[in-house]
Amino acid sequence: VQLQASGGGLVQAGGSLKLSCVASGRTFGNYAWFRQAPGMEREFVAASSWRGDKKDYADSVKGRFIIFRDNRQNTLHLQMNSLKREDTGVYYCAARAEWAPRRNGYDYWGQGTLVTVSS
């Protein structure tokens, strides 16, 4: 399984970005986005089940970020709105078979895409 993340970039605070993660190979049931800010540990951002019937968001992004899947294209998206400087970091997509969005132990990880939010 390979996960290919893209869509990062430089954006001003208050702006929007959409991240994408294309999955190839075996299909997993559940996908998530994590992020890691400079000097910080990686943290959970959002997760979605394959069918989109289960979703989970970190409190820090709830109401601003939307996670959704395009199963026809095997792609996971993260629409990020009202971005803040503290959203800056490398964003990683991940996949696992079970629905345990915040638990360690994801089976596969993408390479990460950098999001930088400027003031």
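Engineer: Help me out: how do you make sense of the overall build of the protein chain in this one?
Structural biologist: Summing up its helical and strand segments, the protein chain has zero helices and eleven strands in all. Its helices and strands in sequence order give the protein chain the pattern β-β-β-β-β-β-β-β-β-β-β, from N to C terminus. Expected size for 119 residues packed as a compact globule is a radius of gyration near 14 Å; at 13 Å, the protein chain falls within 12% of this value. Seen through its C-alpha atoms, the protein chain measures out along the principal axes to roughly 40 × 25 × 25 Å.

Engineer: Help me understand the side chain of Ser20, please; the structure alone is not making it clear to me.
Structural biologist: Looking at where Ser20 falls in the secondary structure, it is placed in strand S3 (residues 17-24). Judged by relative accessible area, Ser20 falls into the buried class, the value being 17%. A distance of 3.0 Å separates the side chain of Ser20 from the side chain of His77, its partner in a polar contact.

Engineer: For this particular structure, what's the right way to read the sheet that holds strand S8 (residues 75-80)?
Structural biologist: The strands that make up a sheet pair up through hydrogen bonds in the backbone, lying either parallel or antiparallel. Taken in spatial order, the four strands of this open sheet run S1-S3-S8-S7, and their pairing is antiparallel. In the strand order of this sheet, the two ends are held by strand S1 (2-6) and strand S7 (65-70), each with one partner. Neighbour to neighbour, the strand axes of the sheet diverge by 15° on average, direction disregarded. Inspection of the sheet shows S3 paired to S8 by six bridges, in the antiparallel sense. Counterpart to Leu17 in the pairing with S8 is Met80.

Analysis parameters
- Residues numbered from 1 in each chain as written.
- Predicted model: local features only at pLDDT ≥ 70, side-chain atom pairs only at ≥ 80, totals over all residues.
- Heavy atoms only, no water.
- Helix = DSSP H or I, 4+ residues; strand = E, 2+ residues; numbered from the N terminus.
- Rg over C-alpha atoms; globule rule 2.2 N^0.38 Å.
- Buried < 20%, exposed > 50% of the residue type's maximum accessible area, 1.4 Å probe, protein only.
- Polar contact = N/O pair within 3.5 Å; in protein donor to acceptor, adjacent residues only side chain to side chain.
- Pairing = 2+ DSSP bridges.
- Axes fitted to C-alpha atoms, helices over the stretch in contact; angles between N-to-C directions.

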